[in-house]
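# Coordinates in review
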Amino acid sequence: VKAEGVMVGSAEEAAAADSGGGPSPAAESELLARLPAKYAVVTTPDDRAVHIRLLNALQEAGSASLLVMEWVPSAEANADARLYLVFQDRHASLKRICTVLSDSGIDISEASVFCTHDGVAVDLFYCRASSFDVSDRASCAEPLESLRNALVAELALDGASVPNTEQTITPAAAAAAPAPS
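Scope of this entry: the structure provided in the associated data block. Quick caveat: nothing in here was measured; it's all calculated off a predicted structure.

## Let's talk about the overall build of the protein chain
When you go through the protein chain residue by residue, the secondary structure sums to seven helices and seven strands. Listed N to C, the secondary structure of the protein chain is β-β-α-α-α-α-β-β-α-β-β-α-β-α in terms of helices and strands. Taking contacts inside the protein chain between residues at least 6 apart in sequence as the whole, the part at least 24 apart equals 69%. Split by element, the accessible area of the protein chain, about 8800 Å² in all, is 55% carbon and sulfur.

Written out as structure tokens, the structure reads:
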């Protein structure tokens, strides 16, 4: 299901699309060449297939799209859904995304945040949504379109792109991080 730039599907649909008609080995190699080595360690083949699809969608949209995203319900213990985001990286984009998700009633339980060598953010958030039922595709469409619009508005605030960065955040890593001085 696609609603104005938001792809919403079931985990089964995503797995079926990625297993049968998934990206070629060449497409995955190209993706891995554009990202830090750690990306291959912390993502699954299904995650990479979604990111390839979204990178292609962003490239096809050109300047018409600032962000492409996909929301996939998840049966994992730490999340109700996986939120995939691909966009031209901007200054403070992670802060802005976290703020929009929080303001939308979506909690982040884990995130993998990367940037290609040419400045495209390739992110994955494991989320819990308290404001809508993630398993009901009909009830997801409107809140997810509102989420996308809020993300686009936040990311458009500053046109400065950011050089290659990588960051993986887990609750355990955040708790173990030293307190700022």
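The rest of the description comes next.
## Description of the packing of aromatic side chains
Scanning all chains against the criterion turns up two aromatic pairs. Ring centres of Y39 and F114 lie 5.4 Å apart, and the angle between their planes is 90°; this geometry places the pair in the edge-to-face category. Of this pair, Y39 sits in helix α3 (residues 38-42) while F114 is found in strand β5 (residues 106-115), placing the two residues 75 residues apart along the sequence. Here the two residues Y39 and F114 agree in accessibility, since each one is buried. A centroid spacing of 5.6 Å and a plane angle of 50° characterise the contact between W71 and F132, whose relative ring orientation is tilted.

## Focus: the environment of E28
Looking at where E28 falls in the secondary structure, it is placed in helix α2 (residues 25-34). Separated by 23 residues in the primary sequence, E28 and H51 place their C-alpha atoms 9.6 Å from one another. In contact with E28, other than residues within four places in its own chain, are R48 and I52. A distance of 2.6 Å separates polar atoms of two side chains, one belonging to E28 and the other to R48.

What counts as what
- Residues numbered from 1 in each chain as written.
- Predicted model: local features only at pLDDT ≥ 70, side-chain atom pairs only at ≥ 80, totals over all residues.
- Heavy atoms only, no water.
- Helix = DSSP H or I, 4+ residues; strand = E, 2+ residues; numbered from the N terminus.
- Contact = heavy atoms within 4.5 Å.
- Areas by Shrake-Rupley, 256 points an atom, 1.4 Å probe, with all protein chains shown as cover.
- Phe/Tyr/Trp six-rings, centres within 6.5 Å; stacked < 30°, edge-to-face > 60°.
- Buried < 20%, exposed > 50% of the residue type's maximum accessible area, 1.4 Å probe, protein only.
- Polar contact = N/O pair within 3.5 Å; in protein donor to acceptor, adjacent residues only side chain to side chain.

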